[in-house]
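Breakdown of the fold
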Amino acid sequence: MTDQYQKLLDQKSRLAQKIEREDFKLRQSKYYENRQARKARSRRLIQKGALLEKYFQADQLSVEQTEELLKIFADYVNEHKPNQLKNDPANN
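Please read these numbers as outputs of a predicted model, since none were measured by experiment. (Residues numbered from 1 in each chain as written. Predicted model: local features only at pLDDT ≥ 70, side-chain atom pairs only at ≥ 80, totals over all residues. Heavy atoms only, no water.)

1. A closer look at helix 1 (residues 2–56)
Using the following cut-off: By the criteria applied, helices consist of DSSP H or I runs no shorter than four residues and strands consist of E runs no shorter than two, each listed in order from the N terminus. Here the expected span of a helix is defined as 1.5 Å times the quantity of residues minus one.
For helix 1, spanning 55 residues, the distance from its first C-alpha to its last is 80 Å, which sits close to the expected 81 Å at 1.5 Å a residue. Positive backbone phi, at 50°, marks Q57, one or two positions downstream of helix 1.

2. What about the packing of aromatic side chains?
Filter applied, for reference: Ring pairs are drawn from Phe, Tyr and Trp, using the six-membered ring of Trp, whenever the two centres fall within 6.5 Å, and their geometry is named by plane angle: stacked under 30 degrees, edge-to-face over 60, tilted for the rest. Throughout, exposure labels follow a simple rule: accessible area from a 1.4 Å probe, protein chains only, divided by the maximum for the residue type, with under 20% read as buried, over 50% as exposed, and the rest as partly exposed.
In the structure shown here, the tally under the stated rule is one aromatic pair. Between F56 and F73, the aromatic rings sit 6.3 Å apart at their centres with planes inclined by 50°, giving tilted as the arrangement. Of this pair, F56 sits in helix 1 while F73 is found in helix 2 (residues 63–79), placing the two residues 17 residues apart along the sequence. Classification of F56 by relative accessible area gives partly exposed; the value is 40%.

3. A word on unusual backbone geometry
Positive phi outside glycine occurs at Q57, with the angle close to 50°. Along the chain, Q57 turns up in the loop between helix 1 and helix 2.

4. Considering helix 2
Heads up, the rule is: We define the bend at any residue as the angle between the axes fitted to the seven residues before and including it, ending there, and the seven starting there.
Here helix 2 contains 17 residues, and its C-alpha end-to-end distance of 24 Å stays within 8% of the 24 Å for a straight helix at 1.5 Å per residue. Its axis deflected by about 45° at F73, helix 2 carries its strongest bend there.

5. So, a nonpolar patch on the surface
Keep this limit in mind: Within the patch definition used here, like charges are joined within 9 Å and nonpolar side chains (Val, Leu, Ile, Met, Phe, Trp, Tyr) within 5 Å, considering only residues with over 30% relative accessible area and no salt bridge. Note on areas: Shrake-Rupley, 1.4 Å probe, and residue coverage restricted to the protein chains presented here. When a carboxyl oxygen of Asp or Glu lies within 4 Å of a side-chain nitrogen of Lys or Arg, that pair is called a salt bridge.
Together, L51, Y55, F56, L70, I72, F73, Y76 and V77 make up a nonpolar patch on the protein surface, roughly 840 Å² of accessible area in all. Looking at the nonpolar patch, the elements that each hand over two or more residues are helix 1 and helix 2. Considering each element in turn, the nonpolar patch owes the most residues, five residues, to helix 2.

Right, here's the structure in full:
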């Protein structure tokens, strides 16, 4: 009876360790995915910022000045944006 009990305890311990390893792998995987998403977002923001500076010649403007510039043109641009560039899935 005690041998069977000890085997069950050992099995429980091994399963707990396996669960812990799998949980660690899952957390590691989620961290990697989040890290990749952050990197992709950072890259996209850098590229868009570079295009903004290039086409609006805004490289000498502060962040606040750039925001003011964009506010001036935002309504016009959004009203005249081609359908294929709008975020509305019904138009795509």
